[in-house]
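# Coordinate analysis (summary)
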Amino acid sequence: MKTIRISPGSRISQMYKQRSFYLMLVPGVLVFIAFKYLPMFGLITAFQDYQPVKGVWHSNWAGIEHFTRFFTEPTFWRLTKNTFSIAILSTVFFFPIPIMLAVLLNEIRISSVKRIIQSFVYIPHFVSWVVVYGLLFALFTSDGLVNLILEHFGWRPVSPLTNPGLFKVMIILEQIWKESGWNSIIILAAITGIDPGLYQAAEVDGAGRFRKIWHVTLPGIMGTVIILFLLRLGSFLDTGFEQILLHLNALNRNVGEVYDTFVYQYGVLSGQFSYATTVGLFKSVVGLAIVMVTNRIVNRMGQEGLY
Amino acid sequence: MMKQESVLSRSFAIFNYALLGLMALLAILPFYYIILVSFTPISVYNANTIMLYPKGFSVEGFLHILQSKSIPRSLLNSVWLSVSGVFLYLALNILTAYPLAEKSLIGRKQIQLMITFTMIFSGGIVPLFIVVHLLGLYNSWWAVLLPGAVSAWSVIIFRSFFATISDEMKESARIDGSGEWRILASIVLPVCKPLIATFVVLFSVSIWNAYFTPLLFLDDIKKWPIQVILQQMLATNDDGSGEIIAMPSEMLKMSVTVVATVPILAIYPFMQKYFTQGLMIGSVKG
């Protein structure tokens, strides 16, 4: 179905011929508009004194009042520090694990063992963070299994659920426990896509197991890893909102509160809509900037980026 | 097998098996423990401080739980949301992705751009919350299901898959007079069964596990799905209905945790073949 003359008439007639397609698109596009784009326009309430009664059109304007309030609040630095440190820790410690896991799994020769290990390691992905918190409860409260065992041997109990010093460590460890297996699937898929001839060539050149990993496997998955990294950066500041929300309590709020939980607390629970939206807008803009900068750097380095 | 395998390589292999075996064990040990405790008679649980292996078998914990008002109801809510959600999500994703796989579609690039942009920028929780209220959807199942129904990621995977279907087949069907709907239903979808099966798994799991969206948009405790009820119990020792269940608090929490996740774990062995294949197909093409 190619139109040769690009005059309005034929374009419209082509669109008419393909009207079924446009009809099919309607529900999905409506959902995107309603639940992704309308909220984006709703960001304008960050510049208002939004009151639900008055609605978006009639609420008073507040200019950048909420922004100045946010940047001068003492909480701002705490939130920034918490959000960025968790995000960075997660990127440094959590991101490489699925890659290592995939490479190690690939080195297993007995396929039945490989499959069993994979089955086990994927399971944590399929439970909710609430269930994970339930597991933590069973293990780490004062009557939890881990502490009962520690006391049995005469050691001191731990309380990672309330100890602010252990908060970030626990968050990262939990992410590793829960998602490494699942995330390794994509890397494994990339590994199977590597040309076997390359391995044979390496063998001929006298490469042992480790050389093969370094010179064939890792370069072979580099493209996938970079795309995954960029995608991850797109949600860099998201820091696992549900997970953190579930963990927050009076004792660890100082180290645990991040932008998103703050927005939830102030926006939904306290009804300070405009102020919370301001924080959310700030976070989204910074997140976008991070993606754009990293993509540019990656492009400069000669690799394919996201766009 | 390896003629000249060095000592280093051998010991690495042993180390590898041990390490991965340990990771696999760590993945399931917590589940082992809570399932162990949940299936223990209450008296046995009270008598023992540490339980590492089964001592007696009983389902009385679960009977107590299922006799409460809120827990069975929340389970039904979760089932309802998962089942209806899967149909809704599949329909929306397929209907959105299929036209985008048609290269000659006018406006295709723009629509795709609109969709992928949402991957890197979003309005956030509060504007979404306001929008849901403005649309009159607050406290409805729609509010829980719709915002997550179509994501750029799932649409892209479906679209990539659809794009591999030969144009010739579609063209000849068109020449024969078939409409696009018929082509979709009778030619395209049958080929996509593995992908659809994968997404049935992924969608149902993510809806079953949803905690925050139902918490945010459902005011009515009677509509809360199991994850929200579970969280209430973990945080506050009661499920919001004011009922008291006659079980030790720790055991109760573990049993409800088991209940909140057992359906998924039970289907897991059957799901496995679908998602490993399907995800590999999807990711390679994507």
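When helices and strands are tallied, chain A shows 16 helices and two strands. The C-alpha atoms of chain A give 25 Å as radius of gyration, which overshoots the globular expectation for 307 residues (19 Å, by more than 25%). Dimensions along the principal axes, computed over C-alpha positions, put chain A at roughly 70 × 70 × 35 Å. Counting all 307 residues of chain A, 36% fall into the buried class. Restricting the contact set of chain A to residue pairs at least 6 apart, pairs at least 24 apart contribute 61%.

With that out of the way, let us pick up the overall build of chain B. Along its length, chain B carries 14 helices and zero strands. Going from the N terminus to the C terminus, chain B shows its helices and strands as α-α-α-α-α-α-α-α-α-α-α-α-α-α. Relative to the compact-globule value of 19 Å for 286 residues, chain B shows a C-alpha radius of gyration of 24 Å, a clear excess of over 25%. Dimensions of chain B, computed from the C-alpha atoms along their principal axes, are close to 75 × 70 × 35 Å. Within chain B, the proportion of its 286 residues that are buried is 40%. Of the contacts formed within chain B by residues at least 6 apart in sequence, a portion of 72% connects residues at least 24 apart.

So, on to the interface of chain A and chain B. Taken residue by residue, the interface counts 73 residues in chain A and 74 residues in chain B. At 16 residues, the largest contribution of residues to the side of chain A that touches chain B is made by helix 2 (residues 19-42) of chain A. In terms of residue class, the side of chain A that touches chain B is made up of 49 nonpolar, 18 polar and six charged.

We now examine the domain arrangement of chain A. All names here are of chain A. Domain annotation for chain A reports domain 1 (8-60) and domain 2 (68-300). With centres defined by C-alpha atoms, the gap from domain 1 to domain 2 works out at 33 Å. Contacts between the two partners involve six residues from domain 1 and, on the opposite side, five residues from domain 2. For the side of domain 1 that touches domain 2, a count of residues per class yields three nonpolar, two polar and one charged.

What follows concerns helix 1 (residues 7-38) of chain B. Residue and element names in this part refer to chain B. The terminal C-alpha atoms of helix 1 lie 46 Å apart, and with 32 residues this matches the ideal 46 Å at 1.5 Å per residue to within 8%. Of all the bends found along helix 1, the most pronounced is centred on Ile28 and spans about 35°, while Pro30, a proline, follows it within four residues. All buried positions along helix 1 are accounted for by Leu20, Met23, Ala24, Ala27, Pro30, Phe31, Ile34, Val37 and Ser38.

A separate point is the environment of A:Ser142. Residues and elements named next belong to chain A. Of note, Ser142 is situated in the loop between helix 8 (129-140) and helix 9 (145-152). Separated by 17 residues in the primary sequence, Ser142 and Ser159 place their C-alpha atoms 7.2 Å from one another. Those residues in contact with Ser142 that lie beyond four places of it in its chain are Asn147, Pro157 and Ser159.

What follows covers the packing of helix 15 (residues 259-269) of chain A against helix 6 (residues 125-134) of chain B. In contact at an axis separation of 9 Å, helix 15 of chain A and helix 6 of chain B are set at 30° when each is read in the N-to-C sense. The angle between the axes of helix 15 of chain A and helix 6 of chain B places the two elements in the roughly parallel class. Of the two possible hands of crossing, helix 15 of chain A and helix 6 of chain B adopt the one that is right-handed. Counting all contacts with helix 15 of chain A, which are made through A:Val263, A:Tyr264, A:Gly267 and A:Val268, the residues of helix 6 of chain B involved are B:Ile125, B:Val126 and B:Phe129. Classifying every residue of the contact of helix 15 of chain A with helix 6 of chain B gives six nonpolar, one polar and no charged.

Rules behind the numbers
Residues numbered from 1 in each chain as written. Chains lettered and ligands numbered in written order. Predicted model: local features only at pLDDT ≥ 70, side-chain atom pairs only at ≥ 80, totals over all residues. Helix = DSSP H or I, 4+ residues; strand = E, 2+ residues; numbered from the N terminus. Rg over C-alpha atoms; globule rule 2.2 N^0.38 Å. Buried ≥ 20, exposed ≤ 12 C-beta atoms within 10 Å, placed from the backbone. Contact = placed C-beta atoms within 7 Å. Nonpolar A, V, L, I, M, F, W, Y, C, P; charged D, E, K, R; others polar. Domains from an automatic or database assignment. Expected span 1.5 Å × (residues − 1). Bend = angle between axes of the 7 residues up to and from the residue. Axes fitted to C-alpha atoms, helices over the stretch in contact; angles between N-to-C directions. Parallel < 35°, antiparallel > 145°, perpendicular 65-115°, else oblique. Left-handed = near helix turned anticlockwise from the far one by under 90°.

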